[in-house]
Structure formats: structure tokens, C-alpha cells
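Listed below are the residues making up each chain.
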Amino acid sequence: MLINAKFTMRTSTAPAIALALACMFGSACDEPPPSTGQVAQGDSLPRDPHSYAQPAEARVTHVSLDLTPDFASKRIRGTAKLAIARGASADSVVLDARDLTIKRVTDASGAGLGFNLGTTKELLGAPLTIALPAQGDTIVIEYETSPDAAAVQWLTPAQTAGKKLPFLFTQGQAILTRTWVPTQDGPGIRQTYDAAIHVPAGMRAVMSADHAGTEGEKDPRGLTVYRFRMANPIPPYLIALAVGDIAFRPIGKTTGVYAEPSVVNRAANEFTEVDQMIAAAEKLFGPYRWGRYDILVLPPSFPFGGMENPTLTFATPTILAGDRSLVSLVAHELAHSWSGNLVTNATWDDFWLNEGFTTYLESRIMEKVRGKRYADMLRQLGRQDMLKAVTDAGGPKGADTRLRLDLGGRDPDEGLTDIAYEKGAAFLQTVESVVGRERLDAFLKDYFDRFAFQPMTSDRMVAYMKEKLLKGDDEQRINLRQWIYEPGIPANVPPVQSEAFTAVDKQVEAWKSGAAASSMTTKDWSTHEWLHYLRALPDTIPSERLADLDRAFSLTSSGNSEILGAWLLIAIRNRHQPAFAALDRFLTSQGRRKFLTPLYTELAKTDWGRRMAMDIYRRARPTYHSVAVGTIDGVLKWSEVR
Ligand code: BES
Ligand code: ZN
């Protein structure tokens, strides 16, 4: 089954969808697309094993939501009006739905349409098959979400900074949008959307889209209405919503931050470089095509560091270090505005095309904004993460150390490792080392333009590289196929040298040979130098030496989440009791999976640690988002012991 009968190449920003549809259902396919080269010929998109949709028969092109979140019952209620592009013989459309109650389906005039919810599978939910109307291309689904909808987290007032009002946010990636929006939930099926969200007085709704309403609009029930419109066709995992006591502070003309009132000033101060980042990215990768770029800082249970929801990056408050030391995360999410949101992995098997490209772009943006010394630190920490990911995936022969994955029926979450991010970035560093920066940069700019608003596969990317970038024996020198389709890290990966870390290594050596912590030269160390230092310490450290480090550098009371996370890992490994109150606090006060997973995993290795982990998790679990719960349940084998 093909998602797209044949793909068309476009250079304009205008919605590519019209042409793509004409191609799929009309005559445009018969005409050869312009300047196809070898990429387009016979190229087709793979079936997406994580969606029930049959987009070649009938596909969603636009989603129009009218929704009211009900905080008391933890349900979102309302309608999704879908525009469908249908093949000549299609009499039904198949959507993805998980934990949704479908109340009624009608056509645009309100006449009932038949529908059937098929067998539910745990991860995928159920196919929702709807009979298409004889006339028109609109279906209206009246539905409500379940209190357990995996995409939605409902926070009590106690879980917010303000403590007064509840909060809710959604997290669609990878296949969770179907738990709050009935649509075709595959990354290859792009859709425009608009929404009206009805919220109680004192609350604000924000979405990954332009604001389209008039301020202060009320509905007949007295609820405030917020309206949105996303005119670019996006993959459905990027539809996102947050509702709560949310304030706004501008940063630049087209940038700003949303956060709870007590957080918003701190956030605005942390992200002052965002306009420079956009300027750097546009210079490198071409125009930013999404209008505004705002950042929403969420309450601490947000399970990720950041999520690249278009026009509105969602971010964890754990990057508000107060000294702008963790803002490369913003560069990362911003970079997705090109790699991921413009050119999108066609299925989750090609997740590395989103994250590996983005990790490479992130370091290029940071190099422009903060300089090479800074970017080299990021790159070297990334290399360490890459090597650890190879080990975690079973070593250099492990099947999941491939960039191009073969997930089959597995959860796309299993592909969410630093292989995609860091091996992906290392691949592009390798390409850069062979063809040179100038040629790679020209290629990237062209690639984002050519494939804007289109799905991408590894095969297609490789074909386009061969067509546009590689000359002579470049392909052999890069080892292109080995990098993308085979496990392990090819030997030609270019070394990363960080000047700053060489200096840190000297201090590590001195410490190892017995020097007191207070005699170390750590003045002006950045967060990244600290991280490198902590990672380079031996696995086993006597308690008095840990106490010495802590006395000298106040690690246990660090307000920097990355430094604290790295330090607590060392504390667990060495059963360093003085840090355990801080460990408890860290695990119960934020829900970022990147911090939770290694700490719980380390605790679970010993009996005493396991007991401590279970005690903490019992209290913390109700405050975590479902994606963090899913992971930590696995780490602690929670269901077996409960
Ligand atoms: N898109 C990802 C987050 C994601 C991936 C959510 C897959 C769900 C499924 C986001 O861009 C990301 O990579 N976030 C990182 C931060 C980044 C600086 C490495 C994170 O959350 O840690
Ligand atoms: Zn990312």
C-alpha cells in the first residue's frame, strides 16, 4: 500500500497538498513532475505499520476542531470536522482512534453517516471506518476523549506553579494524537487544521498554530473561545494544545514565551537569544516558513525536554537554569522547523531523518550563536551519548544501532534512542568531512526547499544526495550505505575535538591521582564542562571523596537540572546517602523522562536501590505523564509487583 502514488517535487511554499492530491486522484500523476532526476522515478512511500489509514483510498486533508476540555471529568468533548480527498471508487475512509468515545458521525448537513470502530490493539488503538457521504467531502465526528488519553495530561492545581488552576497539555509524537483527535495519524499524511477551544474564565488556550480569533470572545455558555489556524499541511503528531493559567511575554517582534505567570519572566530572560538563533538558522537552511516562533514552558511533568510543535515549541521548565546554559534545546526544537516539520520522516522507521538532521542543525546554529568552542562541547557530549546508545542497543552488531530502523509492530518509542540523534548527526558530520561544509550547506538548503511539506524516507534522501551532492568517489569515502542501513558506527566517523574538554580532562586526572576538589581549577566552567567532568569520573568513588566534591562544588544543591542529574547518578552508583533527599526531591518534582530513566534504572540495579525506587515511584507515578509512566513501569517492572 502506498501513501502517495508518486511524489511530486515543489519549490514553492504554497501548500503542496493540492498538487499531491491531484496527483493521487487525478490526472497530474500522468504528467512527469519537473526535474525529477532519479529520485522520483518509481519512487514510492512505504506503508506505515503504525496507522490504520488507507490514504490512497481516501485521506484527510484538513481537520477542524471545536473542543471543550472539562477539567472535572478529565475529558475533552466536541467535534472534529474532517475534509476528505477521496479516490473515485472510495465509499469509506479509515481513521485512527484510540480510547475515544464516538457519539455520532454526520455529513456537513447533519445527516447521519454509518461508522464502525474495529478491534482495538494496545498501541495502535482501533480503525475507525466511516461511510463517506454521497455528496461532498466533509465528515463531522462528535466525540469525547477518555480520562486516560495517553496524549493528554491533566494537572491538578497542586502540580502547577500557581497552585490555583488546573492545567492540561497534549503530546502527540509519535502515535498519540489519535487519543484526542480522530484522524489519520501517520507522519506521511499531512493535514492543515483549525480549532476553536472553549475554556473557563481565567484560562488561556494555546496551540501549534496561528492565533485566529478575537480577544475576549465568549460562547453562549460563557466560556472563552480561542481560535487557531495552521495553514501549512503538517503531520498530525504536531497538532498540540495546552490550557491553563498561561501568560505571555514577547522576546522579539515575532518571538515570545508563554508560561505560568510566575515563570514567564524567568523564561523570557533565559531565551533572549532566540531571534539570533532564527537568523542563524535562516542563513544556513533557508527561510523560516511558520510565521511566529514562540516557546511554551510547561509545568515540570512535561515528559520531554522539548517538542517541536510548529509555531510553538513546548519545553520543560528544567532548562530554566538562570544562566542560559541549557538553551541549545531551543536551537534543537527550532531546527525541527526544517528537519521534521518541513521535511518529515515518512514513517517512524526513518525517525533519524527528523532527529539526526536536527541534532546536526542544532550544533550548527549554536556554533553561529555561541562559537565553535561551545558547539564542539555539544558535539563531544553527543559522541559520548552515541557510544552509550550503541552499548545499550546490544553493541555494534545490535539491529537497533541502524539509522534506518525496522520497527514492524513495535512501539515507535523504541526507536527513540541516541542512535537516531547522535549517530544521525555523526553521519552528517562524516558527509561534511568528505564534501566540505560549503557543499553540504548548499545541499541542505536545497533539500529543505525541494521537499518542503513532504514526507521523506532514507532511500529518497540517499537518492537525492547521490543526485545533487556526491561526486566521484564521495559515496565510497562516506560509506553511505553502511552508515544508514547497517549496524554499528563506521570507522570513518570524524573525530571530535573539544579544546575545553581537554582542559577538563587534566582536572579529572589530577583528581584521580588524589588532588583535593578544592584545589581544582574549575573557574568559569560552563554546564557542559561540568557534565564532561562528572561523566569522566570513575564508576566507584569512596564516600569521603564524594563528600569532598560536594563540599567544594555544592553539587547536591545544584539548581542546574543537567548537572544535578549527572551528580545524582554518581550518588546512586556509590550509595552516597547525603544526596538521597535531593534525589527524592528531583524524582518527585519533575517528570522529564531523560532524567527519570537513568536514575530509576541505576536504582533498580541493587536491592536497596530498588526499594528506594519503588517507594519514590509509588508517590511520583500519579504526577508523571503517560509516556514517562510507560517507560518507568518497564524499568521497575511495576505491573508485576503491584
Ligand atoms: N521530537 C523530540 C521529542 C520526541 C521524540 C517526542 C519522539 C516523542 C517522540 C524533540 O525534538 C527532542 O528531541 N527533544 C529532546 C531534546 C533535544 C535537545 C535532544 C528531549 O526531549 O530530550
Ligand atoms: Zn528532536
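Residues numbered from 1 in each chain as written. Chains lettered and ligands numbered in written order. Predicted model: local features only at pLDDT ≥ 70, side-chain atom pairs only at ≥ 80, totals over all residues. Heavy atoms only, no water.

1. Concerning the sheet that holds strand E3 (residues 92-97)
Thinking step 1. Strand order across the open sheet formed by 3 strands is E3-E6-E5, with antiparallel pairing between neighbours. Of all the strands in the sheet, just E3 and strand E5 (115-117) have a single pairing partner and so form its edges. For this sheet, the mean inter-axis angle between neighbouring strands, taken without regard to orientation, is 20°.
Thinking step 2. With 6 bridges joining them, E3 and strand E6 (residues 126-131) adopt antiparallel strand pairing. Each residue of the ladder has a partner; that of Ala97, found in E6, is Ala126. (Pairing = 2+ DSSP bridges. Helix = DSSP H or I, 4+ residues; strand = E, 2+ residues; numbered from the N terminus. Axes fitted to C-alpha atoms, helices over the stretch in contact; angles between N-to-C directions.)

2. Side note on the confidence of the model for the protein
Thinking step 1. Of all residues in the protein, 93% attain a pLDDT of 70 or more, and the chain-wide mean is 93.
Thinking step 2. Predicted confidence is poor over residues 1-42, with pLDDT under 50, and the contacts of this stretch with residues over four places away or in other chains come to 90 contacts. (pLDDT = per-residue confidence, 0-100. Contact = heavy atoms within 4.5 Å.)

3. Things to note about the coordination of the zinc ion (ligand 2)
Thinking step 1. The zinc ion (ligand 2) binds to the protein through His332 (NE2), His336 (NE2), Glu355 (OE) and Glu355 (OE), with metal-donor distances spanning 1.9 to 2.8 Å.
Thinking step 2. Seen from the zinc ion (ligand 2), its 6 donor atoms lie at angles of 52 to 160°, and the figure they make is irregular.
Thinking step 3. In terms of primary sequence, the donors binding the zinc ion (ligand 2) are separated according to H-x3-H-x18-E. In this pair, His332 sits in helix H5 (residues 328-335) while Glu355 sits in helix H6 (residues 351-370), placing the two residues 23 residues apart along the sequence.
Thinking step 4. Judged by relative accessible area, His332 falls into the buried class, the value being 7%. (Donors = N, O, S within 2.8 Å, 3.2 Å for Na, K, Ca; no water. Tetrahedral: all angles 85-135°; square planar, octahedral: opposite > 155°, others 65-115°. Buried < 20%, exposed > 50% of the residue type's maximum accessible area, 1.4 Å probe, protein only.)

4. Comments concerning the packing of aromatic side chains
Thinking step 1. Overall, the coordinates contain 31 aromatic pairs when judged by the stated rule.
Thinking step 2. Seen from their ring centres, Tyr600 and Tyr617 are 5.5 Å apart, and the 70° between their planes marks the pair as edge-to-face. With Tyr600 in helix H18 (residues 593-603) and Tyr617 in helix H19 (residues 607-620), this residue pair connects regions lying 17 residues apart in the sequence. Tyr617 carries the same exposure label as Tyr600, and that label is buried.
Thinking step 3. Of note, Arg370 hangs over the ring of Tyr374, and the distance from its end group to the ring centre comes to 5.0 Å.
Thinking step 4. Here Arg545 stacks its cationic end above the ring of Trp511, 4.0 Å away from the centre of that ring. (Phe/Tyr/Trp six-rings, centres within 6.5 Å; stacked < 30°, edge-to-face > 60°. Lys NZ or Arg CZ within 6 Å of the ring centre and 35° of its normal.)

5. What about the side chain of Thr179?
Thinking step 1. Tracing the chain through its elements places Thr179 in the loop between strand E9 (167-170) and strand E10 (191-199).
Thinking step 2. Within polar-contact distance, the side chain of Thr179 engages the backbone nitrogen of Ala151 at 3.0 Å.
Thinking step 3. Of note is the side chain of Thr179, whose polar atom sits 2.8 Å from the backbone oxygen of Leu176. (Polar contact = N/O pair within 3.5 Å; in protein donor to acceptor, adjacent residues only side chain to side chain.)

6. Some points on the site of ligand 1
Thinking step 1. The immediate surroundings of ligand 1 are formed by 16 residues, with Gln173, Gly305, Glu308, Glu333 and Tyr421 found nearest.
Thinking step 2. In this structure, an oxygen atom belonging to ligand 1 sits 3.1 Å away from a side-chain N or O atom of His332.
Thinking step 3. Between ligand 1 and Glu333 there is a distance of 2.7 Å, counted from an oxygen atom to a side-chain nitrogen or oxygen.
Thinking step 4. Of all the secondary-structure elements, those providing two or more residues to the shell around ligand 1 are strand E18 (306-307), H5 and H6. (Near = heavy atom within 4 Å.)

7. Side note on the pairing of strand E1 (residues 58-70)
Each regular strand carries side chains that alternate between the two faces of the sheet.
Thinking step 1. With 11 of 13 residues buried, E1 is to be regarded as a mostly interior element.
Thinking step 2. Between the end of E1 and the start of strand E2 (residues 75-86), which pair antiparallel, lie 4 residues, with Lys74 showing a positive phi angle near 55°.
Thinking step 3. Of the strand pairs in this sheet, E1 and E10 are connected by 6 bridges, and their pairing is parallel. Each residue of the ladder has a partner; that of Val63, found in E10, is Tyr193.

8. Digging into the domain arrangement of the protein
Thinking step 1. For the protein, the domain assignment lists domain 1 (14-245), domain 2 (343-497) and domain 3 (501-641).
Thinking step 2. Centre-to-centre, using C-alpha coordinates, domain 2 lies 29 Å away from domain 3.
Thinking step 3. Taken together, the 11 residues of domain 2 in the interface contact 10 residues of domain 3.
Thinking step 4. Summed over the three residues of domain 2 that lose the most area to domain 3, namely Met377, Leu381 and Gln384, the buried surface amounts to 52% of that side.
Thinking step 5. There are 3 salt bridges connecting domain 2 and domain 3.
Thinking step 6. One salt bridge in this structure joins Arg535 and Asp385, with 3.1 Å as the shortest N-O distance.
Thinking step 7. The interface formed by domain 2 and domain 3 includes 5 residue pairs in polar contact (both at pLDDT 80 or more).
Thinking step 8. Class assignment for the residues of the side of domain 2 that touches domain 3 results in 5 nonpolar, 3 polar and 3 charged. (Domains from an automatic or database assignment. Buried area = accessible area lost by both parts, 1.4 Å probe. Salt bridge = Lys/Arg side-chain N within 4 Å of Asp/Glu carboxyl O. Nonpolar A, V, L, I, M, F, W, Y, C, P; charged D, E, K, R; others polar.)

9. Regarding the packing of H6 against helix H9 (residues 437-450)
Thinking step 1. Interhelical geometry of H6 versus H9 gives an angle of 125° and a closest axis separation of 13 Å. Judged on the interaxial angle alone, H9 and H6 are oblique. Between H6 and H9 the crossing geometry is left-handed. Contacts between H6 and H9 involve Leu353, Phe357, Tyr360, Leu361, Arg364 and Glu367 on the former and, on the latter, Arg437, Leu440, Asp441, Leu444, Tyr447 and Phe448.
Thinking step 2. By residue class, the composition of the contact of H6 with H9 is 8 nonpolar, no polar and 4 charged. (Parallel < 35°, antiparallel > 145°, perpendicular 65-115°, else oblique. Left-handed = near helix turned anticlockwise from the far one by under 90°.)

10. What to know about unusual backbone geometry
Thinking step 1. Cis rather than trans, the peptide bond between Gln173 and Ala174 has omega equal to 5°.
Thinking step 2. Structurally, Ala174 can be placed in the loop between E9 and E10.
Thinking step 3. Here Lys74, not a glycine, exhibits a phi torsion of approximately 55°, which is positive.
Thinking step 4. With respect to the helices and strands, the residue Lys74 is situated in the loop between E1 and E2.
Thinking step 5. Since its relative accessible area comes to 36%, Lys74 is described here as partly exposed.
Thinking step 6. The backbone of Asp99 sits at a positive phi, close to 55°, despite the residue not being glycine.

11. Considering H18
Thinking step 1. Where H18 is concerned, the buried positions are Arg593, Phe595, Leu596, Leu599, Tyr600, Glu602 and Leu603.
Thinking step 2. Its buried side turned inward, H18 meets helix H16 (561-573), helix H17 (580-589), H19 and helix H20 (626-636).

12. Focus on the pairing of strand E19 (residues 312-315)
Thinking step 1. Because side chains alternate across E19, one face comprises the buried residues Leu312 and Phe314, and the other comprises Thr313 and Ala315, equally buried.
Thinking step 2. As paired strands, strand E17 (residues 293-297) and E19 are joined by 4 bridges and run parallel to one another. Looking at the pairing, Asp294 lines up with Leu312 of E19.
Thinking step 3. Here 2 bridges tie E18 to E19, and the two strands are oriented antiparallel to one another. Residue pairing in the sheet places Met307 in a bridge with Phe314 of E19.

13. Thoughts on helix H3 (residues 261-270)
Thinking step 1. Every buried residue of H3 is accounted for by Val263, Val264, Ala267, Ala268 and Glu270. Angular distribution of buried residues about the axis of H3 spans 150°; they occupy a single face of the element. (Arc of directions from axis to C-beta.)

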